[in-house]
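# Breakdown of the fold
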Amino acid sequence: MTPNDCILIGAPVDSGKRRAGCLMGPDALRTAGLAEALRELGHRVEDLGNLSPEPYSPDTEEGRLFRPNETAAWTARLRDAAEAAMERGLPIFLGGDHALSLGSVAGVARHAARIRRPQFVLWLDAHSDFHTPQTSGSGNLHGTPLGYVTGRSGFDGFAEITRPVPQENICLLGLRSVDEAERAALEESRIRRHDMREIDERGVARPLAEFLEHVAAQNGMLHVSLDVDFLDPAIAPAVGTTVPGGATMREGHLVMEMICDSRLMTSLDLVELNPFLDERGRTAHLLVELTASAMGRRVFDRPTRAYA
Ligand SMILES: NC(=[NH2+])NCCC[C@H](N)C(=O)O
Ligand SMILES: [Mn+2]
């Protein structure tokens, strides 16, 4: 793989849901050796440290939505950081919960519009995260990033989406938990979606290959958003919204290896890691390994390591 300029951007967003802990995600990913793994593959790595949200008026405990002001402030900061980082390399957003993708995707889409290339999004997740603040039953905004970046209405107080990602440019892979209101909206949408039932029947490679071919044919930019809960909780326990029946270790690696082979990925989110729920760092390590697969590590050059 040709060396990349990887830009690590810590985004300790924890306002997207009620269970705290994702704010420790960026440091867990660093501790698990993300930068070292990328350098070992020949990439240049710059770590920008952790961002903080723009100033905001504190959220009250009233209201249906959980911490909307804080999430809106993160969105503004991350959108600008993402757009700026795209000028210089391949940003990797170290989450933080999935609310960070309101900003990361909005920012990369603005950059793509500026260089006149279409933006595509591959969403690796158990959930579709296509709510609006109005349709969300939980009031947790980590369930809304795809609603926001496609330009659905109802995001009062959030930066206006100037460059919505076209629905047909989005592919959901790994679905197995979709709320009723999301299902209705998805069915009316042109978003591509492949649930675990389909992956069981057809394998993960065929639907992914179809999407990657489509991105390549359009000369697209590809943002990959990897939610820990895409993976089966048996191998990735460190997440607050586990859903049994997720991707296996090999399915996860195959997806990342195919992304690597396609040479299409231009930005990446690693989200929903809650180190408080991890078991001796195994989920953080798995995310590092998966990122390495996406960035050029081959299945046959995983060294055998003896841990003392
Ligand atoms: N990024 C996530 N883990 N999202 C989970 C969302 C769960 C549920 N659909 C909700 O809106 O509350
Ligand atoms: Mn998610």
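With an unreviewed UniProt entry as reference, the protein is termed Arginase, source organism Antarcticimicrobium luteum. According to UniProt, the comment filed for the protein under the heading Pathway (unreviewed entry) is "Nitrogen metabolism; urea cycle; L-ornithine and urea from L-arginine: step 1/1." Regarding the protein, the relevant UniProt record gives this comment under Sequence similarities (unreviewed entry): "Belongs to the arginase family."

## Overview of the coordination of the manganese ion (ligand 2)
Protein-derived coordination of the manganese ion (ligand 2) comes from His98 (ND1), Asp125 (OD), Asp129 (OD) and Asp227 (OD), at a distance range of 2.0 to 2.2 Å. Ordering the donors of the manganese ion (ligand 2) by residue number gives the pattern H-x26-D-x3-D-x97-D. Taken together, the residues span a long stretch of sequence, with aspartate 129 in the loop between β4 (119–124) and α5 (145–149) and aspartate 227 in strand β7 (residues 221–227) at a distance of 98 residues. A relative accessible area of 5% places aspartate 129 in the buried class. According to the relative accessible area criterion, aspartate 227 is buried, its value standing at 2%.

## Some remarks on the UniProt feature "binding site: Mn(2+)" (unreviewed entry) in the protein
UniProt's feature table lists "binding site: Mn(2+)" (unreviewed entry) at His98, Asp125, His127, Asp129, Asp227 and Asp229, given in the numbering used throughout. For the annotated residues, spread through 132 residues, the largest C-alpha to C-alpha distance comes to 12.1 Å, consistent with a single compact locus. Within the secondary structure, histidine 127 sits in the loop between β4 and α5. If we ignore the near neighbours within four places in the chain, the residues touching histidine 127 are Leu175, Ser177, Asp229, Thr241 and Val243. Ignoring sequence-local partners within four residues, the contact set of aspartate 129 consists of His98, Trp123, His142, Gly143, Thr144, Pro145, Leu146, Gly147, Glu182 and Asp227. Polar side-chain contacts of aspartate 129 include one of 3.1 Å to the side chain of histidine 98.

## Brief notes about helix α4 (residues 100–114)
The end-to-end C-alpha separation of α4 is 22 Å, in line with the 21 Å expected for 15 residues at 1.5 Å each. Burial analysis of α4 places 12 of its 15 residues in the buried class, the great majority of the element. For α4, the full list of buried residues reads Leu100, Ser101, Leu102, Gly103, Ser104, Val105, Ala106, Gly107, Val108, Ala109, His111 and Ala112. Of the residues one or two after α4, arginine 116 is the one with positive phi, at around 60 degrees.

## Describing the pairing of strand β1 (residues 5–11)
The buried count for β1 comes to 6 of 7 residues, which makes it a mostly enclosed element. One ladder, built from 5 bridges, connects β1 with strand β2 (residues 44–50); its direction is parallel. Note that in β2 the partner of aspartate 5 across the bridge is arginine 44.

Reading guide: rules and limits
Residues numbered from 1 in each chain as written. Chains lettered and ligands numbered in written order. Predicted model: local features only at pLDDT ≥ 70, side-chain atom pairs only at ≥ 80, totals over all residues. Heavy atoms only, no water. UniProt positions renumbered as here; feature names shortened; annotations may be inferred. Donors = N, O, S within 2.8 Å, 3.2 Å for Na, K, Ca; no water. Helix = DSSP H or I, 4+ residues; strand = E, 2+ residues; numbered from the N terminus. Buried < 20%, exposed > 50% of the residue type's maximum accessible area, 1.4 Å probe, protein only. Contact = heavy atoms within 4.5 Å. Polar contact = N/O pair within 3.5 Å; in protein donor to acceptor, adjacent residues only side chain to side chain. Expected span 1.5 Å × (residues − 1). Pairing = 2+ DSSP bridges.

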